[in-house]
Amino acid sequence: MSALAAFVVVAVLYHPYTANAAGGVTIYNDIYNHWHVFAGVIATVRKHVEPRPELLWMAERSKNVKDHRIPPFGLREWLGDVGDAATLKDWRHLELVKASPTGRATDISARMKTALDWGPVDALICVSPELDRYKTCAYAAKYLKAKSVIAVIHRGDEIGPKSWFLGMKNDKEEIPVHLLGLVPHVMTSANETLKGRHESIQWGLMVAPYTSPQPCKKKSCLSGFVVQGALRRRQDGDWTKFIRDYDSLWKQMMKKGAPAVRMKIMGKGMRSELGVPKKINSSVDFYSGLPFPEYWDLIDKSYALVPFHGTPQYYTMRCSSTVLASLITCVPLIADDTLLAAYYMFKKEHVFYQAPGETEMDVMERVMALPEKELFAKRAAVCRLRDEQLKRTAGVIEELIASTRRRAA
């Protein structure tokens, strides 16, 4: 994360009867790029743990933003929180002083000490602290006098025995830290790196469901397939390749001649980076910088999400945003045996299965020929899976909080 993108988001959850009371849960999102994970934690906690969260977030001031009190990218609209900043008092904004040229964020401690005026809290949930170079979760834990920390982990490969968030303190007292991987293999990866020396490592999927104001209920409103995710280069030795294998997609489309399949490429970046061959250019749509409601709505009107993972880390160390997008929208994935083995909560009933020897394009053509009833039965199955996973994860969080309260009793 660059200095210019050093943003911090804080969400404060309290018991429904007393605002800013001691106890309860605080959710803290360390990474600006992880709004979708932040939203997932909010939605899960709101529905199953604490019904009335109070939300506080912090960001650098930007000349391009009209109202700094409003979270970006239509996040509130996605979560169903409509209204202006004055009427939505659950959302509170705090400005973050711009990071210094040396890469060190300035004034975080002082501003948090002033603003975080509740606590002690039973649990502080930190989203993606393994990617936070400024260690801001530690400040939140200190000033909220957190009795325990739940670290929601997105990338198991960024965790080591000396990771700063494994040993946080509340004044001079050690705080119990529980690791919660978003998916099973992130938990497994973290446990292997830590050589089993960390006592509490679990996993739990969390997403914020999206419901379109005009939901697609007939085959006639479906169009194309989605490959989503930021246009980032691989970091495992081959910087010439993207973390999604667009080259394979172009080759498959070129092989079909004049492809009947329309592709929607969705992610932060520029179309020129993709290198789309001229022959298939008219069959490829590119979207970047969309607000969340519009982003999810484009996916909702598509046949399926196609992962095209260009790195094996999505099956061993990292959580795929494409998998989360499927659960958010209930739009099925095209999934092979490798994906089903890694994300084993998904079964063949939840995906369009890519059998050995089939290409993604083979499956896409087959999916387009399916009857309407079968297409939407698959979506209903994904929705059921999502609800099951949110309840399961809420149970994990509730038990972690309950164990903290038992220790304090």
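It should be noted that the structure appears before, not after, this text.
This is a predicted model, so every value here is computed, not measured.

**Considering helix H3 (residues 108–115)**
- Inspection of H3 places Ile108, Met112 and Ala115 among the buried residues, and these make up the whole buried set. Down the axis of H3, the smallest arc covering the buried residues is 75 degrees, so these residues share one side. When the buried face of H3 is taken as reference, the exposed residues oriented beyond 90 degrees from it are Lys113 and Thr114.

**Points about the side chain of Ser320**
- Relative to the assigned elements, Ser320 resides in the loop between helix H8 (313–316) and helix H9 (321–329).
- Overall, Ser320 belongs to the buried group, its relative accessible area being 0%.
- At 3.1 Å, the side chain of Ser320 and the backbone nitrogen of Thr322 are in polar contact.
- Leave out the neighbours within four places in its chain, and Ser320 touches Arg244, His309, Tyr314 and Tyr343.

**Some words on the pattern of salt bridges**
- Counted according to the given criterion, the structure contains 13 salt bridges.
- The salt bridge partner of Asp81 is Arg46, with a shortest N-O separation of 2.7 Å. Of this pair, Asp81 sits in the loop between helix H2 (75–79) and strand S4 (91–95) while Arg46 sits in helix H1 (residues 35–48), placing them 35 residues apart in sequence.
- Taking relative accessible area as the criterion, Asp81 reaches 13% and is therefore assigned buried.
- In this structure Arg46 comes out as buried when scored by relative accessible area, which is 19%.

Quick notes on the rules
Residues numbered from 1 in each chain as written. Predicted model: local features only at pLDDT ≥ 70, side-chain atom pairs only at ≥ 80, totals over all residues. Heavy atoms only, no water. Buried < 20%, exposed > 50% of the residue type's maximum accessible area, 1.4 Å probe, protein only. Helix = DSSP H or I, 4+ residues; strand = E, 2+ residues; numbered from the N terminus. Arc of directions from axis to C-beta. Polar contact = N/O pair within 3.5 Å; in protein donor to acceptor, adjacent residues only side chain to side chain. Contact = heavy atoms within 4.5 Å. Salt bridge = Lys/Arg side-chain N within 4 Å of Asp/Glu carboxyl O.

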